Amino acid sequence: MVRSIGADHVVDYTQEDFTQSDQKYDLIFQLAGTRSPSDCRRALTSKGTLILSSGESGGRWIGPIDRIIKAVVLSPFVSQRLGTFEAKRSKEDLQVLKELVESGKVSPVIDRTYPLSEVPEAIRYLEEGHARGKVVITV
Ligand SMILES: NC(=O)c1ccc[n+]([C@@H]2O[C@H](COP(=O)([O-])OP(=O)(O)OC[C@H]3O[C@@H](n4cnc5c(N)ncnc54)[C@H](OP(=O)(O)O)[C@@H]3O)[C@@H](O)[C@H]2O)c1
């Protein structure tokens, strides 16, 4: 599925630990998983950038905030850039996305569609953490 939407190279995290391979990356955009900034740095080039976006919780007390604090504290002392990203929804951005979808430049991957009455089931499915793409509620 990931290849079908444009990836050149795919790492299956259940089979291979990307932080332990010889491959180094200029940019890691962490959209899933709970690997620490220190683990991710091992897979970065010396001037590479790590962006944390994942809301998954690996920390015992403060969840994902734990990783964000580590990245912010570590960043001034290392050659790599460590930062965070938070999406801010806006009407203008949704308009741009709508145009990208309509022109076929972006193809959303929709895993499952639920009617409004089955929202609790949809949320339960999302919470399992393995939805492939988006879960849609039809109104
Ligand atoms: N920063 C922001 O502004 C922002 C905004 C929205 C969402 N987020 C975060 O973005 C992440 C993705 O959200 P989502 O809605 O797509 O739902 P999600 O449930 O977190 O994503 C599910 C996908 O993640 C994969 N996955 C699970 N664990 C993984 C791991 N350890 N390594 C690699 N892939 C893994 C699953 O693949 P398998 O089925 O193969 O496990 C599945 O394809 C979440 O952590 C969410 O908190 C951030």
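For the structure, see preceding data.
How each quantity is defined
Residues numbered from 1 in each chain as written. Predicted model: local features only at pLDDT ≥ 70, side-chain atom pairs only at ≥ 80, totals over all residues. Heavy atoms only, no water. Salt bridge = Lys/Arg side-chain N within 4 Å of Asp/Glu carboxyl O. Helix = DSSP H or I, 4+ residues; strand = E, 2+ residues; numbered from the N terminus. Buried < 20%, exposed > 50% of the residue type's maximum accessible area, 1.4 Å probe, protein only. Polar contact = N/O pair within 3.5 Å; in protein donor to acceptor, adjacent residues only side chain to side chain. Contact = heavy atoms within 4.5 Å. Pairing = 2+ DSSP bridges. Axes fitted to C-alpha atoms, helices over the stretch in contact; angles between N-to-C directions. 1 Å grid on protein atoms, 1.4 Å probe; cavity = no way out; pocket = protein on both sides within 12 Å on 5 of 7 lines; lining within 4 Å. Points joined across faces, edges and corners; volume = space filled by probe spheres on them. Domains from an automatic or database assignment.

Asker: Teacher, can you tell me more about the pattern of salt bridges here?
Answerer: Opposite charge on two side chains permits them to pair, given that their charged atoms come into close proximity. Counted under the stated rule, the structure contains five salt bridges. In this structure, Arg-35 engages Asp-17 in a salt bridge whose closest nitrogen and oxygen atoms are separated by 3.0 Å. Taken together, the positions of Arg-35 in the loop between strand E1 (25-30) and helix H1 (37-41) and Asp-17 in the segment before E1 put the pair 18 residues apart, joining distant regions of the chain. For Arg-35, a relative accessible area of 26% puts it in the partly exposed group. Linking Asp-39 and Arg-35 is a salt bridge whose minimum nitrogen-to-oxygen distance equals 3.3 Å. Through salt bridges that share partners, Asp-17, Arg-35, Asp-39 and Arg-42 make up one connected network.

Asker: Sorry if this is basic, but what is going on with the side chain of Gln-30 here?
Answerer: Structurally, Gln-30 is set in strand E1. The exposure class assigned to Gln-30 is buried, which follows from its relative accessible area of 5%. In this structure the side chain of Gln-30 is engaged in a polar contact, spanning 3.0 Å, whose partner is the backbone oxygen of Arg-35. In this structure, Gln-30 is in contact with Arg-35, Cys-40, Ile-51, Leu-52, Ser-53, Ser-54 and Arg-67, ignoring residues within four places of it in sequence.

Asker: How should the sheet that holds strand E3 (residues 81-84) be read in this particular structure?
Answerer: Think of a sheet as strands paired side by side through backbone hydrogen bonds, with each pair either parallel or antiparallel. Spatial strand order, E1-E2-E3: three strands in an open sheet with parallel pairing. Bordering the open sheet on either side are E1 and E3, each of which pairs with just one other strand. Strand-to-strand, the axes of this sheet are offset by a mean angle of 10 degrees, without reference to chain direction. Sheet topology places strand E2 (residues 44-52) next to E3; four bridges connect them, and they run parallel. Looking at the pairing, Thr-49 lines up with Arg-81 of E3.

Asker: Would you explain the layout of surface pockets in this entry?
Answerer: If a probe the size of a water molecule is rolled over the atoms, the empty space left behind becomes visible. By volume, the largest pocket amounts to about 2,700 Å³. Along the walls of the largest pocket sit 44 residues, with Val-2, Phe-29, Leu-31, Ala-32 and Gly-33 positioned nearest its centre. Of all the secondary structure elements, the ones that give two or more residues to the lining of the largest pocket are E1, helix H3 (91-102) and strand E5 (134-138). Counting residues domain by domain, the lining of the largest pocket receives three or more from each of domain 1 (3-84) and domain 2 (105-139).

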